[in-house]
Amino acid sequence: MSKLAAFGGTAAVPRDRRRVQWPLVEEEDRKAVLDALDGARLVSDTDGVNPVSDLEENWARRFGFAHCVAVSNGTAALALALSALDVGPGDEVIVPALSFIATGLAPVHQMAVPVFADIDPVTFNIDPDDVERRITPRTKAIIPVHLHGAPADMDRITAIARKYGLAVVEDAAQAPGATHRGRPVGGIGDAGAFSLQVSKNIPTCGEGGLLVTRDPELAEAMRCGRQFGEVIEAGRERDYVSYGLGWNYKMNALQAAFTNAQLDRYDGYERARQHNVTGFLARLAQLPGLQVPTALPDTTHAWHILRFRFDPAAFGLDGVRPEALRSALRRLLRAEGVPMSQYQLMPLPDQKVFVDRVGFGAGYPWSVTGARGTVAGAGYPVTRAVIADSLTIQKRHLHPGAGELLGMYADAFEKVWANKDMVATLARAAS
Ligand SMILES: *Cc1c(COP(=O)(O)O)cnc(C)c1O
């Protein structure tokens, strides 16, 4: 049994092996950006063939979407999808209690009230039963998030949406390439939103987002909304006439060019990632008290973030609080060179913006319906349990060459688990 790095032993991951580059910037990416720059294809009005329309076409073709509309970022994509679906003041939108803040903000940007639903303890995705419990006459849409790259239960969610006449906007920011019963996520609901932010699985060199839909009219409404409410037609000069409310949510051409080059290498990256991550998880699945993320049958997981839950009882630590075990493991694994971190320190409904109803003017959108703010610390037991007893690995495993590093991470976990007594001492001290 080797000595833990936290107590002077040699770390499982040597210091000079810890840095991982993401995104991977290769010669083709530089060339794509420079070609766009030199070709003066710096369009921002999306007329004619340019890097932005190339990316829309390539994204739709690669994943099998009917229509793709590029926008400035993933948050804008979510808000624009809601707008195109006529979500507005007085409406409620059901979103999961565990997600990135943008999922909860997008309805507010449309003057609609976000209503939070608890999650599933295994997939960490929105719980369809809790969605159904929270439907009211004001409910207009559901935003299932494919959190960490795992497809949400789209069968149940689309069935509920059909039953109550609701729109479904998939937040697929963390899940490009994930599939649910053979269908690409993002293309199952009425609209799907992706993010190309640098830390995501298919990145750009900054910020970007993509919207997809099967519905040509919805796609047109999205195009109109991203550009001041104007209608841009190929071959017709821009006339600066607006037909409705619009924003400037256009994508930057250089960022589109960068993602086009990344998309060319995506298949190879994805194959390597699936191989590396599943091998890593298979090793960790042997350790008692550790719940590793899994892909449900008939789904493909995009492994954007790897979340591990720790069970004190199964670890042999009856009576120890999950937070105490988590903090002991975090300290010991980090000392070994595994960058364990938390993703979301609290459920979304605990965020100040929703508790204090920090919106527009006199408490809008909540004051439209008289809705109360959420209550910090109350409800959402599964979300709270998951946040209390889990840690994540982010970004490092996205690199296609991460196999060896993940092998060292697995060595580190096995070493920590072999020093169970030390873990127990630390966890009990923290409890
Ligand atoms: C990243 C992310 C977003 C927002 O995307 P941006 O491009 O950063 O605006 C929305 N939802 C989820 C789940 C995300 O991870």
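An unreviewed UniProt entry lists the protein chain under the name DegT/DnrJ/EryC1/StrS family aminotransferase, from Streptomyces adustus. As its UniProt record puts it under Sequence similarities (unreviewed entry), the protein chain is described as follows: "Belongs to the DegT/DnrJ/EryC1 family. L-glutamine:2-deoxy-scyllo-inosose/scyllo-inosose aminotransferase subfamily."

1. Some points on the site of the ligand
Residues in contact with the ligand amount to 15 residues; listed here are only the nearest, G74, T75, D171, S195 and K200. With respect to the ligand, the backbone of G74 contributes an N or O atom lying 2.7 Å from an oxygen atom. Here an oxygen atom of the ligand and a side-chain polar atom of K200 are 2.9 Å apart. With the chains in place, 93% of the 380 Å² that the ligand exposes on its own is no longer accessible.

2. Focus on the pairing of strand β9 (residues 209-213)
Taken across its five residues, β9 has five buried, putting it largely inside the fold. The alternating pattern of β9 places G209, L211 and T213 and L210 and V212 on opposite faces, both of which are buried. Direction of pairing for strand β1 (residues 67-71) relative to β9: antiparallel, over a ladder of five bridges. Paired with A70 across the two strands is L210, which belongs to β9. Here four bridges tie strand β8 (residues 191-195) to β9, and the two strands are oriented antiparallel to one another. Following the sheet pairing, A193 is matched in β9 by L211.

3. Here's the deal with a nonpolar patch on the surface
Taken together, the side chains of L34, L37 and L42 present a nonpolar region at the surface, about 260 Å² in accessible area. Relative to the helices and strands, L37 is located in helix α1 (residues 27-38).

4. Topic: the pairing of strand β12 (residues 305-310)
Judged by how many residues are buried, β12 sits mostly within the fold: six of six residues are covered. Neither face of β12 is left uncovered, since the one carrying I305, R307 and R309 and the one carrying L306, F308 and F310 both have all their residues buried. As defined by bridge partners, strand β10 (residues 290-291) adjoins β12 across two bridges and the pair is classed as antiparallel. Each residue of the ladder has a partner; that of L290, found in β12, is F310. Sheet topology note: the β12/strand β13 (residues 390-394) ladder contains five bridges and is antiparallel. Residue pairing across strands places L306 opposite I393, the latter belonging to β13.

5. What about the sheet that holds strand β6 (residues 179-180)?
Strand pairing in a sheet relies on backbone hydrogen bonds. The paired strands run either parallel or antiparallel. The strand order across the open sheet built from three strands is β7-β6-β11, with neighbouring strands paired in antiparallel fashion. The open sheet has two edge strands with one neighbour each: β7 (183-184) and β11 (299-300). The sheet contact formed by β6 and β11 spans two bridges and is antiparallel. Bridge pairing links T179 to T300 in β11.

6. Structural notes on the environment of E207
Position of E207 among the secondary structure elements: in the loop between β8 and β9. E207 sits 48 residues away from Q255 along the chain, and the two C-alpha atoms are 7.4 Å apart. Ignoring anything within four residues of it in the chain, the contact list for E207 reads S72, N73, Q197 and Q255.

7. Notes on helix α3 (residues 74-84)
Along α3, ten of the eleven residues are buried, which leaves the element largely enclosed by surrounding structure. When we look at burial in α3, the residues that qualify are G74, A76, A77, L78, A79, L80, A81, L82, S83 and A84. Two to three positions downstream of the cap, the backbone nitrogen of T75 sits 3.0 Å from a side-chain oxygen, assigning the N-cap of α3 to N73.

8. Side note on the layout of surface pockets
Quantified by volume, the largest pocket comes out at close to 430 Å³. What lines the largest pocket is a set of 27 residues, among which F100, Q197, S199, K200 and Y343 lie closest to the centre. For the lining of the largest pocket, the secondary-structure elements that each account for two or more residues are α3, α4 (101-109) and β8. Estimates place the volume of the second largest pocket at around 300 Å³. P114, R372, G373, T374 and Y380 are, among the 15 residues lining the second largest pocket, the residues nearest its centre. A total of four residues in the lining of the second largest pocket trace back to one element, the largest contributor, which is strand β3 (residues 113-117). Of the residues in the lining of the second largest pocket, the class split is ten nonpolar, two polar and three charged.

Scoring rules and cut-offs
Residues numbered from 1 in each chain as written. Predicted model: local features only at pLDDT ≥ 70, side-chain atom pairs only at ≥ 80, totals over all residues. Heavy atoms only, no water. UniProt positions renumbered as here; feature names shortened; annotations may be inferred. Near = heavy atom within 4 Å. Polar contact = N/O pair within 3.5 Å; in protein donor to acceptor, adjacent residues only side chain to side chain. Areas by Shrake-Rupley, 256 points an atom, 1.4 Å probe, with all protein chains shown as cover. Buried < 20%, exposed > 50% of the residue type's maximum accessible area, 1.4 Å probe, protein only. Helix = DSSP H or I, 4+ residues; strand = E, 2+ residues; numbered from the N terminus. Pairing = 2+ DSSP bridges. Patch = residues over 30% accessible without salt bridge, like charges linked within 9 Å, V, L, I, M, F, W, Y side chains within 5 Å. Salt bridge = Lys/Arg side-chain N within 4 Å of Asp/Glu carboxyl O. Contact = heavy atoms within 4.5 Å. 1 Å grid on protein atoms, 1.4 Å probe; cavity = no way out; pocket = protein on both sides within 12 Å on 5 of 7 lines; lining within 4 Å. Points joined across faces, edges and corners; volume = space filled by probe spheres on them. Nonpolar A, V, L, I, M, F, W, Y, C, P; charged D, E, K, R; others polar.

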